Amino acid sequence: MKRHAFVRWFAGTVWVAVTLLSASTPSSIAAGPPSVYVADWGAWYKHPPPEEFERQGSLYRLSLDGSNHVSSRTRVGDIGLAPVGIDVSADGRWVLVSARNSSDLRIFDMKGPPGSPVAHCKLTGQPYGIALVERPKSPLVIVAATDGILWAPFAGAQTCRKLRAVDGTEPAGRWALSLPAMIAVSPSKRTAYVTDYRSNGLLEIDLTTPSPTVRRPIEISGAGNGLTVGPDGRYLYVPIHNRNVLQIVDLSCESFRPSCYRELPTEDYPISTAVSRDGRHVFVVNNRISALPGNTRKPGSLTVISTGPTLEAHQTVSLVSPVVFGDSPEGITIQPCTGELFVTHRDDPKGWLLILKFDANKRSFSHLRIENMGRAGAQSRFIQSNCSK
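Given the structure is predicted, the values throughout are model-derived calculations rather than measurements.

J.: What am I meant to see in the packing of aromatic side chains here?
T.: For any two aromatic rings, the description comes down to two numbers: the centre-to-centre distance and the angle of the planes. Applying the stated criterion across every chain yields a total of 5 aromatic pairs. Aromatic side chains Phe358 and Phe365 sit 4.9 Å apart centroid to centroid with 45° between the ring planes, which places their arrangement in the tilted category. Among the aromatic side chains, those forming a connected cluster through ring pairs are Phe283, Phe358 and Phe365. In this arrangement the basic side chain of Arg73 is found over the ring face of Tyr60, its NZ or CZ atom lying 5.6 Å from the centre.

J.: What's the story with the pairing of strand S4 (residues 83–88) in this structure? I'm lost.
T.: In terms of residue burial, S4 counts as a mostly covered element, since 6 of its 6 residues are buried. In terms of strand pairing, S4 meets strand S5 (residues 94–99) through 5 bridges, oriented antiparallel. Among the inter-strand pairings, Gly85 is bridged to a residue of S5, identified as Ser98. In this structure, the hairpin formed by S4 and S5 is closed by a connection of 5 residues, where Gly92 is found at a positive phi of approximately 80°.

J.: What am I meant to see in the confidence of the model for the chain here?
T.: Note: predicted coordinates in regions of low pLDDT should not be interpreted at a detailed level. Here the chain averages 79 in pLDDT, while 77% of its residues score no lower than 70. Note on residues 376–389: pLDDT under 50 across the span, and 75 contacts to partners over four residues away in sequence or across chains.

J.: What is the right way to read the nonpolar core from this model?
T.: One recurring pattern in soluble globular proteins: nonpolar side chains tend to sit buried together. Counting residues in each nonpolar core, the largest one holds 40 residues, and the members touching the most others are Leu236, Phe283, Leu302, Leu356 and Phe365. If we ignore the near neighbours within four places in the chain, the residues touching Phe365 are Phe283, Leu302, Val304, Leu319, Val323, Leu341, Leu356, Lys357 and Phe358. In this structure, Ile149, Val166, Val194 and Leu203 belong to the second largest nonpolar core, which totals 17 residues.

J.: Is there a simple way to explain the sheet that holds strand S6 (residues 104–109) in this structure?
T.: By definition, the strands of a sheet pair up through backbone hydrogen bonds, in either a parallel or an antiparallel sense. The antiparallel open sheet is built from 4 strands, whose spatial order is S4-S5-S6-S7. Each edge of the sheet is formed by a strand with only one pairing partner; in this case those strands are S4 and strand S7 (119–122). Looking at each pair of strands side by side, their axes are set apart by 15° on average, direction ignored.

J.: Which parts of the structure should I look at to understand the state of the cysteines?
T.: A covalent bond bridging the sulfur atoms of two cysteines is what the word disulfide describes. For the coordinates displayed, the defined rule picks out 2 disulfides. Residue Cys121 pairs covalently with Cys160 via a disulfide, S to S 1.9 Å. Here the disulfide of Cys121 and Cys160 is left-handed, its torsion about the S-S bond being about -75°. Residue Cys121 is found in strand S7, and its partner Cys160 is found in the loop between strand S10 (148–153) and strand S11 (164–165); the two are separated by 39 residues along the sequence. On the accessibility criterion, Cys160 (23% relative accessible area) is partly exposed. Linked covalently through their sulfurs, Cys253 and Cys260 form a disulfide whose S-S length is 2.1 Å. Disulfide Cys253-Cys260: the torsion about the S-S bond is -105°, which places it as left-handed. The burial state of Cys253 is the same as that of Cys260; both residues are buried.

J.: Help me understand the pattern of salt bridges in this model?
T.: Side chains that carry opposite charge are capable of pairing whenever their charged atoms lie near each other. Scanning the model with the defined rule gives 9 salt bridges in all. A salt bridge links Arg234 to Asp250, with the shortest nitrogen-to-oxygen separation between them at 2.9 Å. Placement of Arg234 in the loop between strand S16 (228–229) and strand S17 (235–240) and of Asp250 in strand S18 (residues 245–250) is noted, with a sequence separation of 16 residues between them. Given a relative accessible area of 33%, Arg234 falls into the partly exposed group.

J.: I'm lost on the side chain of Thr266 in this one. Help?
T.: The topology assignment puts Thr266 in the loop between strand S19 (261–265) and strand S20 (270–275). Overall, Thr266 belongs to the buried group, its relative accessible area being 14%. Beyond its immediate stretch of four places on either side in the chain, Thr266 contacts Asn244, Val245, Leu246, Val284, Asn286 and Thr303.

J.: Before we go on, may I ask you to explain unusual backbone geometry in this structure?
T.: Glycine aside, residues mostly have negative phi, and peptide bonds are mostly found in the trans state. The backbone phi angle of Ala82 is positive, close to 60°, even though this residue is not glycine. Using a relative accessible area of 1% as the deciding quantity, one classes Ala82 as buried.

J.: Got a minute to help me understand the sheet that holds strand S22 (residues 301–306) in this structure?
T.: The strand order across the open sheet built from 4 strands is S20-S21-S22-S23, with neighbouring strands paired in antiparallel fashion. The sheet terminates laterally at S20 and strand S23 (315–316), the two strands that pair on one side only. Where S20 lies against strand S21 (residues 281–286), 5 bridges are found, and the strand directions are antiparallel. The residue bridging Pro270 from the neighbouring strand is Asn286, located in S21.

Criteria and cut-off values
Residues numbered from 1 in each chain as written. Predicted model: local features only at pLDDT ≥ 70, side-chain atom pairs only at ≥ 80, totals over all residues. Heavy atoms only, no water. Phe/Tyr/Trp six-rings, centres within 6.5 Å; stacked < 30°, edge-to-face > 60°. Lys NZ or Arg CZ within 6 Å of the ring centre and 35° of its normal. Buried < 20%, exposed > 50% of the residue type's maximum accessible area, 1.4 Å probe, protein only. Helix = DSSP H or I, 4+ residues; strand = E, 2+ residues; numbered from the N terminus. Pairing = 2+ DSSP bridges. pLDDT = per-residue confidence, 0-100. Contact = heavy atoms within 4.5 Å. Core = buried A, V, L, I, M, F, W, Y, C linked by side-chain atoms within 4.5 Å. Axes fitted to C-alpha atoms, helices over the stretch in contact; angles between N-to-C directions. Disulfide = S-S within 2.5 Å. Salt bridge = Lys/Arg side-chain N within 4 Å of Asp/Glu carboxyl O.

Next comes the structure, spelled out in structure tokens:
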């Protein structure tokens, strides 16, 4: 593979996850300020020298003040080469990170002091997306890897030895994907969706059985990236990075006819999505690395989609003023209680973490804060369980 192609693929899958822990969140961890966890790849993405690909990533915990400003940063530990997947338990105790180039999964117990993970799982394939599915009696871990979609009952430090592939998702299996990539879990925790970075499809995984099983494949119109399920579980929002569209899938369809899909245009290279807590808006990060030959770069952008009860009711919002982004925004997450958007950047020299607020009535954004994150920047998401209804 040519260097420029490798860098582009790398950039499209590196993840930074963000989790907010409120001081009032029930937890075995001592109450403290809200926190953000960041998986820092530890290397530049734009024209990197060879040694950058062998740089160890780091897990950081950032403390936030009441205005969602970063007040302090703590390095938790090493997380391998090219960390591309991260998830955090709702109470903030467990942090899981998958690293592509070192083919491993690390589990940190934040109840203890910073340092080494309590579990270090060596995998046979390269992992990408990861999800911790928190169910009352049987939490699960799901990992999208090159040798299948892996799963295990989550058991803290004992999770590694229980990892195995969902039946049929192995490379020669009936449900094998060309390159399993990103994972989204339904709000009910009963279903997971896994994209294929190299084909026009994704898998719907049934999580209600003792061992997760493939329920059905879902055809989409291109290579899907950071997908999201709407709050009511009916619509799946998939950015198609090689076609510059957001594809909306009506999951209530038993068989997927054309009427079960809607596509809305984005700008170049849509890479990640987030849905507002009330489900009224979908935010799409456009990395703006052109999908066309030449791999040209432009400042990144956001596309805003207004949702509705039907596919036809989904429409693109015409923004009154554009958002000023740095180079290659990668991920987006929503503070579920207050609605701020947190957007991470991959290639900008400042390593921006941009905090925004969307005003639906004015169809515009206000900038609340720009934080300098150093070398980190990629996907992100908040997890918080104590918002008032």
